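Results of the structural survey
If you want the building blocks of each chain, they are given just below.
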Amino acid sequence: MKPRKPDYENNINIARRVKINQMQRNVRRSQMGLRRLRTLIRIIMFGLLVFAAYKVYKLPQWYLEKNAFSSANNGSLEIIGNKITPMYKIISVLRQTPVPQQPIYLFDTKQIEKDIEKLEPVKNVYIRRFWFPARIDLIIEERKPILSISPAENVPPIAFFAEGGKLIGREYLPLDKSYKTILVLTYGTKGDDYRNWDEEKINKIYMLARTIEYYSDEEVKYLDFRNPKDIYAQLPDVKIRLGEMNSTIYNRVKNISSILPEVRTMEQKVKYIDLQWENAQFIKLEE
């Protein structure tokens, strides 16, 4: 039979176990307290982040000024690239759109782009949004002017054609001096009203002027279409009679390069070079 331990040893073991259990309970209690503290800190931090985000969201720098669309280049709006379209026309379109009451990054600019593109000289519109402080760059891409229309050589143009065959009226004139267009004289009469010219005819007239310049090595001052069946081209020192604009006109123009040197050596004043016929060219002298 195994000898029984003394009572005092049993008491010591019990006390040790009680102490160990107490320590374990204290550790678990501390760990639970730390977990609760971490959870509380996370909740507080999340709340602070939400509050800070709300405050940042409400900062006035995210919003356009209330008068952003009332004038150009006012700090909130800059208009770039409009050499033909007047500022006031663009501003008048912008004023039809309310200034957004939301941060700039939520502002949908597609409708503004569509509205401005309705202006005749405007080809494309690009809008760049900038954050903090909120502002907009409105970039205009305009149609390139090709032909200017006038009833006489000493009368300012009354309209012009731009790429794509777009006819644009006098409200967008005069053009910036950087644009070099071909001046076309026409009365806009019935039978050959320039208002009815299509893109194909405009391109043919433009190519005619460029072909004349190529073979003459001189600038075309104007093309005279006032009589569509008897067209003239004016160079700096001499006029060229082209006749009707038909399928042979470009071949007839090529003869300029062989005739002009002779014209420059003539002492008599030349009225015009006659290129009406493909196989026969004449020099008409002043009487």
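The shown structure was predicted, so the numbers you read here are calculated from the model rather than taken from an experiment.

Reading guide: rules and limits
Residues numbered from 1 in each chain as written. Predicted model: local features only at pLDDT ≥ 70, side-chain atom pairs only at ≥ 80, totals over all residues. Heavy atoms only, no water. Helix = DSSP H or I, 4+ residues; strand = E, 2+ residues; numbered from the N terminus. Phe/Tyr/Trp six-rings, centres within 6.5 Å; stacked < 30°, edge-to-face > 60°. Buried < 20%, exposed > 50% of the residue type's maximum accessible area, 1.4 Å probe, protein only. Pairing = 2+ DSSP bridges. Axes fitted to C-alpha atoms, helices over the stretch in contact; angles between N-to-C directions. Contact = heavy atoms within 4.5 Å. Core = buried A, V, L, I, M, F, W, Y, C linked by side-chain atoms within 4.5 Å.

The next subject is unusual backbone geometry. Residue L173 is joined to P174 through a cis peptide bond whose omega torsion reads 0°. Position of P174 relative to the elements: it lies in the loop between β6 (166-169) and β7 (182-185).

The next subject is the packing of aromatic side chains. Evaluated as defined, the whole model comprises five aromatic pairs. The interplanar angle of 90° and the centroid separation of 5.0 Å between the aromatic rings of Y214 and Y215 together place this pair among those described as edge-to-face. Residue classification places Y214 among the exposed positions, given a relative accessible area of 64%. Take Y215: its relative accessible area is 26%, and that puts it in the partly exposed class. Between Y232 and Y272, the aromatic rings sit 5.8 Å apart at their centres with planes inclined by 80°, giving edge-to-face as the arrangement. Highlighted residues: Y232 in strand β9 (residues 231-234) and Y272 in strand β11 (residues 270-274), separated in sequence by 40 residues. This pair shows no difference in class: Y232 is buried, exactly as Y272 is.

Time to look at the sheet that holds strand β12 (residues 282-285). Read across the open sheet, the nine strands follow the order β6-β5-β4-β7-β8-β9-β10-β11-β12; overall the sheet is mixed. Two strands close off the open sheet at either side, each with one partner strand: β6 and β12. Averaged over all pairs of adjacent strands, the angle between strand axes in this sheet comes to 25°, irrespective of strand direction. Looking at chain direction, β7 and strand β8 (residues 222-224) are connected through two bridges and run parallel. Across the sheet, V184 pairs through a bridge with L223, a residue of β8. The sheet contacts of helix α6 (residues 256-265) involve β10 (239-243), β11 and β12, and relative to β11 the element is tilted by about 160°.

One finds L147, V184, W197, I212, L223, I240 and L242 to be the most contacted residues of the largest nonpolar core, which totals 33 residues. Residue contributions to this core peak at five residues, all from helix α4 (residues 199-216). Excluding residues within four positions of it along the chain, I212 makes contact with D217, V220, L223, A233, L235, I240, L242, V253 and I256.

Both faces of the sheet carry side chains from a regular strand, because those side chains alternate between them. Counting buried positions over the five residues of β11 gives four, a clear majority of the element. When β10 meets β11, the two strands line up parallel, connected through two bridges. Counted as the bridge partner of R241 is D274 from β11. When β11 meets β12, the two strands line up antiparallel, connected through four bridges. Across the sheet, residue Y272 finds its bridge partner in β12, namely K284.

Just distances and angles here, no functional claims.
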